[in-house]
Amino acid sequence: MPIDLPSAVADDWCRLGSRTDERSLSLATVTAETAVFEHQPTADALEQLRGGRDIPVRSLFTVALDISPSLSTIGLSAADALDVAAPKAREQFVDTVADDGIAIGAERATEYIDRPDGAVGHLSVLDVAYPIDAAVDGATVGDGTATIDAEAHVAVWPTADTYVLAGGLLPLEGPADAALLAAALDVDPARDRETIVDLFRGLELEDAADG
């Protein structure tokens, strides 16, 4: 089942939708259930920018992975295999975003991250070109090819026998040709990054894996 947001960030966000994807690796089948959450205070602006896409430019996501057969069955430890699993998990996220017409660019940062409970995960920060197509006050913003700069944060943690992913997408700018929409979008990368950090810190990993 989809993973809910921790209470530290849940108040300003609502679940926008979920999807289930399956892919086969050399030894196992991985099923990913992704939940996407929208920022309620800027929902109207996000809706205008989204142009029918499933993923808003300001969003959070959680991903529950089910691996069959289980890692322990094939003699692997989720923690020991993190260096192999993290790039694969990132690729699955990139594929999910690309399916929604959003372009993921270069990897800006990659690092291990610690949680208050001692769990060690792996984080990637990626450049994003988010397509916009909206009309505000009679002014056309983009033609289906215009984009605004954004960034994506994708983290993966090992649990007892699988992995949990979480992260977010955040705008770095508003549309240049629509001042009212840009103001309503309320671009604030520092605030959005802190929200993603709160998500990382508060996610219940083992409960998510059991869910």
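No experiment lies behind these values; they were computed from the predicted model shown. (Residues numbered from 1 in each chain as written. Predicted model: local features only at pLDDT ≥ 70, side-chain atom pairs only at ≥ 80, totals over all residues. Heavy atoms only, no water.)

S.K.: Looking at this structure, I do not really get the pattern of salt bridges. What am I missing?
M.R.: Pairs can form between side chains of opposite charge whenever their charged atoms are close. Per the stated rule, a full pass over the model turns up 14 salt bridges. Between Arg108 and Glu151 there is a salt bridge; the shortest N-O distance is 2.2 Å. With Arg108 in strand S4 (residues 103-114) and Glu151 in strand S8 (residues 147-158), this pair connects stretches of sequence that are 43 residues apart. For Arg108, a relative accessible area of 43% corresponds to the partly exposed category. Note that Arg191 and Asp186 form a salt bridge whose closest N and O atoms lie 2.7 Å from each other. Through salt bridges with shared partners, one network takes in Arg58, Asp186, Arg191 and Asp192. (Salt bridge = Lys/Arg side-chain N within 4 Å of Asp/Glu carboxyl O. Helix = DSSP H or I, 4+ residues; strand = E, 2+ residues; numbered from the N terminus. Buried < 20%, exposed > 50% of the residue type's maximum accessible area, 1.4 Å probe, protein only.)

S.K.: So what exactly am I meant to see when it comes to the sheet that holds strand S1 (residues 13-24) here?
M.R.: The pairing of strands in a sheet comes from backbone hydrogen bonds and takes either a parallel or an antiparallel form. The antiparallel open sheet is built from 7 strands, whose spatial order is S1-S2-S3-S9-S8-S5-S4. Because the sheet does not close on itself, it has two edges, and the strands there are S1 and S4. Between one strand axis and the next, the sheet turns by 20° as a mean value, whatever way the strands run. Across 10 bridges, strand S2 (residues 29-39) lies against strand S3 (residues 59-68) in antiparallel orientation. By the bridge assignment, Thr31 is partnered in S3 with Asp66. In the packing of helix H2 (residues 43-50) onto the sheet, contacts are made with S1, S2, strand S5 (120-131) and S8, and the angle to S2 comes to roughly 120°. Along the sheet face, helix H5 (residues 189-202) touches S1, S3, S4, S5, S8 and strand S9 (163-171) and points at about 170° away from the line of S9. (Pairing = 2+ DSSP bridges. Axes fitted to C-alpha atoms, helices over the stretch in contact; angles between N-to-C directions. Contact = heavy atoms within 4.5 Å.)

S.K.: Would you take a moment to explain the side chain of Ser124 for this structure?
M.R.: The topology assignment puts Ser124 in strand S5. Engagement of the side chain of Ser124 in a polar contact is seen with the side chain of Glu107, the distance being 3.0 Å. In this structure, Ser124 is in contact with Arg90, Glu107, Ala109, Thr110, Ala152, His153 and Val154, ignoring residues within four places of it in sequence. (Polar contact = N/O pair within 3.5 Å; in protein donor to acceptor, adjacent residues only side chain to side chain.)

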